[in-house]
Amino acid sequence: DQQVKQNSPSLSVQEGRISILNCDYTNSMFDYFLWYKKYPAEGPTFLISISSIKDKNEDGRFTVFLNKSAKHLSLHIVPSQPGDSAVYFCAASAVTRGSTLGRLYFGRGTQLTVWP
Amino acid sequence: DAGVTQSPTHLIKTRGQQVTLRCSPISGHKSVSWYQQVLGQGPQFIFQYYEKEERGRGNFPDRFSARQFPNYSSELNVNALLLGDSALYLCASSLGGQNEKLFFGSGTQLSVL
């Protein structure tokens, strides 16, 4: 059963515009969320994360919003650049006290294409 | 600093064979996790090791096994390969604390014929 869902397999955005990638989750125990970017023939690269005690985290052009009541998070990229074209994965974890982060639940990914 | 390194990068096996994949974590990282990524899907958790002990196991059959060595490198073994084991196998490392990011290697692309 898919506990993290990315319902849009692809997104196409013009350079300079905002890209919004969405992610939903079903497990209410998830308390830590991450976004990864993946280029072909490379491993996923960490982008940004957010803890469940926050509703927003910003890092440069990337902002992640978390709506716990709706079990929804989104990644905003402003402004979008052609180099942002990649597959974006949403991931979640239920980090119990004293444990170590290792098990992430991933969505299926969204292919972002930013065109000039 | 070197990132997470995996070997080999590509591998072709036939059904029934056994395979060993290797991973070296980032220097100083004590936790190693393994993931399987089938085409069109997100990575699926297989194992996590921390300080040479298994800390978690995903929903994979006993044909899958792993271990972590004193230098924190790790091996993933898959026995009696099936066609469905064809996938990208990713290794990730972290320091081992809570709320950390995982650093991924480029993966080993396994094809089972």
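Residues numbered from 1 in each chain as written. Chains lettered and ligands numbered in written order. Predicted model: local features only at pLDDT ≥ 70, side-chain atom pairs only at ≥ 80, totals over all residues. Heavy atoms only, no water.

1. Focus on the sheet that holds strand 7 (residues 64-68) of chain B
Residue and element names in this part refer to chain B.
Here's step 1: If you trace the four strands from one edge of the open sheet to the other, you get 1-3-8-7, paired in antiparallel fashion. Each edge of the sheet is formed by a strand with only one pairing partner; in this case those strands are strand 1 (5-7) and strand 7. Strand after strand, the sheet turns through a mean of 15° between neighbouring axes, direction not considered.
Here's step 2: As paired elements, strand 1 and strand 3 (residues 19-24) share three bridges and run antiparallel to each other. In the strand pairing of strand 3, Gln6 is matched with Cys23. (Pairing = 2+ DSSP bridges. Helix = DSSP H or I, 4+ residues; strand = E, 2+ residues; numbered from the N terminus. Axes fitted to C-alpha atoms, helices over the stretch in contact; angles between N-to-C directions.)

2. So, the interface of chain A and chain B
Here's step 1: Chain A puts 24 residues into the contact, and the matching count from chain B is 27 residues.
Here's step 2: Summing both partners gives a buried area of about 2000 Å² for chain A against chain B, and 51% of it is carried by carbon and sulfur.
Here's step 3: Here chain A and chain B share zero salt bridges between them.
Here's step 4: Scanning the region where chain A abuts chain B turns up two residue pairs in polar contact (both at pLDDT 80 or more).
Here's step 5: Broken down by element, the side of chain A that touches chain B gets its largest block of residues, four residues, from strand 4 (residues 32-38) of chain A. (Contact = heavy atoms within 4.5 Å. Buried area = accessible area lost by both parts, 1.4 Å probe. Salt bridge = Lys/Arg side-chain N within 4 Å of Asp/Glu carboxyl O. Polar contact = N/O pair within 3.5 Å; in protein donor to acceptor, adjacent residues only side chain to side chain.)

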